[in-house]
Amino acid sequence: MKGIIALMVYLFVGTVSFASEPVTETLQLEQDFKLATVKSQKFSKSQVIIFSANWCAPCVQMQETTLKDAALIGYLNQNSVNTIIDIDSEEGYKMFSKFKVNVLPTIIVTDENGNEIARKKEFLTAENFQKFVQLNSKSADLKNKNVLAANNSTSIQVANLQT
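This structure is a prediction, so every number in the text was calculated from the model and none was measured.

Draft legend 1. Structural detail: the overall build of the protein chain. In terms of helices and strands, the protein chain carries 6 helices and 6 strands. The helix and strand sequence of the protein chain, counted from the amino end, reads α-α-β-α-α-β-α-β-β-β-α-β. The buried share of the protein chain, taken over its 163 residues, is 38%. Within the protein chain, counting contacts between residues at least 6 apart in sequence, those at least 24 apart form 68% of the total. Surface summary for the protein chain: the accessible area is close to 10,000 Å², and the carbon and sulfur share equals 55%.

Draft legend 2. Here's a closer look at unusual backbone geometry. With omega at -10°, the peptide bond leading from Leu104 into Pro105 counts as cis. Position of Pro105 relative to the elements: it lies in the loop between strand E3 (103-104) and strand E4 (106-110). A positive phi angle, near 50°, is found at Ser44, a position not held by glycine. With respect to the helices and strands, Ser44 occurs in the loop between helix H2 (33-43) and strand E1 (46-52). On the basis of relative accessibility, which here comes to 39%, the residue Ser44 falls in the partly exposed class. Positive phi values are uncommon outside glycine, yet Lys100 reaches one of about 50°.

Draft legend 3. Looking closely at the nonpolar core. Ranked by size, the top nonpolar core spans 19 residues in total, and within it Leu76, Ile107, Phe129 and Val133 carry the most contacts. For this core, the secondary-structure elements that each account for two or more residues are E1, helix H4 (70-79), E4, strand E5 (116-120) and helix H6 (126-136). In contact with Leu76, not counting residues within four places along its chain, are Leu27, Val48, Asn82, Phe129 and Val133.

Draft legend 4. Here's a closer look at the packing of aromatic side chains. Across all of its chains, the model carries 3 aromatic pairs by this definition. Aromatic pair Phe33 and Phe99: ring centres 5.8 Å apart, planes at 80°, arrangement edge-to-face. Linking Phe33 in helix H2 with Phe99 in the loop between helix H5 (90-98) and E3, this pair joins segments that are 66 residues apart in sequence. We note that Phe33, like Phe99, is buried. Three or more aromatic residues joined by ring pairs make a cluster, and in this case those are Phe33, Phe51 and Phe99.

So, how was this worked out
Residues numbered from 1 in each chain as written. Predicted model: local features only at pLDDT ≥ 70, side-chain atom pairs only at ≥ 80, totals over all residues. Heavy atoms only, no water. Helix = DSSP H or I, 4+ residues; strand = E, 2+ residues; numbered from the N terminus. Buried < 20%, exposed > 50% of the residue type's maximum accessible area, 1.4 Å probe, protein only. Contact = heavy atoms within 4.5 Å. Areas by Shrake-Rupley, 256 points an atom, 1.4 Å probe, with all protein chains shown as cover. Core = buried A, V, L, I, M, F, W, Y, C linked by side-chain atoms within 4.5 Å. Phe/Tyr/Trp six-rings, centres within 6.5 Å; stacked < 30°, edge-to-face > 60°.

What follows is the structure in structure tokens.
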């Protein structure tokens, strides 16, 4: 009798576990900054711009860990228009120069018109990334901008990349 009950519990738990596999959400990214600004205006959302390069170890780490976090992805997809700028592309270099980026990774939060509200020049964990965006997003009380959580700084100073 105990064996039958144990088997039934095992089958039930196995079935429930199989049936409730998590649905993975991916970060919605806008490839074009101008289009991102239009979407930001249309939906009255802030923009999150991440300056990155494939040779930048903290950038790669942030893309492989921070930007894969389910809670952060859900928050960003719901509350902002998101763009990752590869500074090694022609368009990326123009944006790199326009925003005067000198450290990678750099995360910039802008208003719906593309005007900078805040920037962070370092690797951020998912928790600190979300706190930074929440504190500096369009809906945030901007008087509280200076209450950012302390976090470990991992960044790469970028030399002047004039070609």
